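Close look at the chain arrangement
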Amino acid sequence: MKLFEQRQLAERMISNMAQIKAVVVRCGNEEYAIPVEQTVSIEELEKVNPIPHLPSYFLGLMKIRNELVPILDFQQILYGNSAQEDPNAKVVVVQTEGLFFGLLVLEAKEILDIPVDRLTTQGLLAYSKTAYFSSVANLENRMITMIDPTELSNTLNGMEEIKGYVKQALSEDV
């Protein structure tokens with residue numbers, strides 16, 4: 001075997017072993033995944049203090065471990081109906097560069113190792129309005145859409161208002 005062929009084989013073996021660890025959640029009948037390295041915790045939905053005049057997907061602020069965390073209804077963002085009344089609903093707290101926020105989902109199902117070679121972006125052409133879909137995991141018996149929380153917080157309409165409100169609320173809390 002030539003050196004070039006050996007290198008290609010080694011690269012394929014390494015890429016086959018490369019995996020992304022993600023928290024799999026459900027909204028509607030679909031599965032979505034959030035990278036574990038951006039996931040802080042999974043919480044029960046508790047008392048949320050609503051804030052008027054902000055986007056409808058923003059439920060308000062919830063106190064989690066003595067921190068005020070903005071809660072976004074991911075079911076509302078994706079499908080236009082709320083997960084707030086579902087008894088199985090969970091809050092997945094994620095961290096981006098400048099913001100912690102909670103995503104309310106119908107279910108937090110599992111932590112899954114997704115092989116990198118099973119990720120594709122080809123199916124995302126249909127999702128032009130959802131830049132926060134980073135790829136699709138094409139697994140044997142299921143398809144899981146990967147979510148980029150940073151892109152989500154940067155592209156949702158109204159997020160600048162929410163970030164401003166949270167910043168103000170945190171400065172007043174100090």
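Just above, that's the structure.
Residues numbered from 1 in each chain as written. Predicted model: local features only at pLDDT ≥ 70, side-chain atom pairs only at ≥ 80, totals over all residues. Heavy atoms only, no water.

1. Observations regarding the pattern of salt bridges
Applicable threshold: Every case where a carboxyl oxygen of Asp or Glu lies within 4 Å of a side-chain nitrogen of Lys or Arg is listed as a salt bridge. Comment: elements are numbered from the N terminus, with helices defined as DSSP H or I runs of at least four residues and strands as E runs of at least two. With a 1.4 Å probe rolled over the protein chains alone, any residue whose accessible area is under 20% of its type maximum counts as buried; one over 50% counts as exposed, and the rest are partly exposed.
Throughout the structure, instances matching the rule amount to 8 salt bridges. Residues Glu 31 and Lys 109 are paired through a salt bridge, measuring 2.9 Å at the closest nitrogen-oxygen approach. Taken together, the residues span a long stretch of sequence, with Glu 31 in strand β2 (residues 30–35) and Lys 109 in strand β9 (residues 107–115) at a distance of 78 residues. Look at Glu 31 and you get buried, because its relative accessible area is 11%.

2. Remarks on unusual backbone geometry
Backbone geometry places Arg 65, a non-glycine residue, at a positive phi of 50°. Note on Arg 65: relative accessible area 62%, which makes it exposed. One non-glycine residue with positive phi stands out, namely Asn 66, at about 65°. Mapping Asn 66 onto the fold places it in the loop between β5 (58–64) and β6 (67–73). Of the residues examined, Asn 66 reaches a relative accessible area of 63% and is grouped as exposed.

3. Quick notes on the sheet that holds strand β4 (residues 48–49)
For clarity, the cut-off: When DSSP finds at least two bridges between two strands, those strands are taken to pair.
Taken in spatial order, the 6 strands make up an open sheet running β3-β7-β8-β6-β5-β4, and their pairing is mixed. Of all the strands in the sheet, the pair left with one neighbour each is β3 (39–44) and β4. Bridge count between strand β7 (residues 90–95) and strand β8 (residues 100–105): 6 bridges; the pairing is antiparallel. Residue pairing for β8: Val 94 is matched across the bridge by Phe 101.

4. Some points on the pairing of β8
β8 sits mainly inside the fold: 5 of its 6 residues count as buried. Relative to β8, β6 runs parallel, the two sharing 3 bridges. Note on β8: the bridge partner recorded for Asp 73 is Leu 104.

5. Here we look at the side chain of Thr 39
Spelled out, the test is: Pairs of N or O atoms within 3.5 Å make up the polar contacts considered here, provided that, within protein, one atom can donate a hydrogen while the other can accept it, and that residues adjacent in sequence are counted only when both atoms are side-chain atoms. Should any heavy atoms of two residues lie within 4.5 Å, those residues are counted as being in contact.
Structurally, Thr 39 is set in strand β3. Thr 39 gets classed as buried once you look at its relative accessible area, which sits at 17%. Polar contacts involving the side chain of Thr 39 include one to the main-chain carbonyl oxygen of Pro 35, which spans 3.0 Å. If we skip the residues at most four places from it in the chain, Thr 39 touches Val 23, Ile 34, Val 92, Val 93 and Val 94.

6. Observations concerning the pairing of β5
Taken across its 7 residues, β5 has 6 buried, putting it largely inside the fold. Pairing analysis gives 2 bridges linking β4 to β5, with the strands arranged antiparallel. In the strand pairing of β5, Val 48 is matched with Met 62. Here β5 pairs with β6 via 6 bridges, running antiparallel. Looking at the pairing, Lys 63 lines up with Leu 68 of β6. Two successive antiparallel strands, β5 and β6, enclose a turn made up of 2 residues, where Arg 65 displays a positive phi of approximately 50°.

Everything listed is a geometric property; what it means functionally is a separate question.
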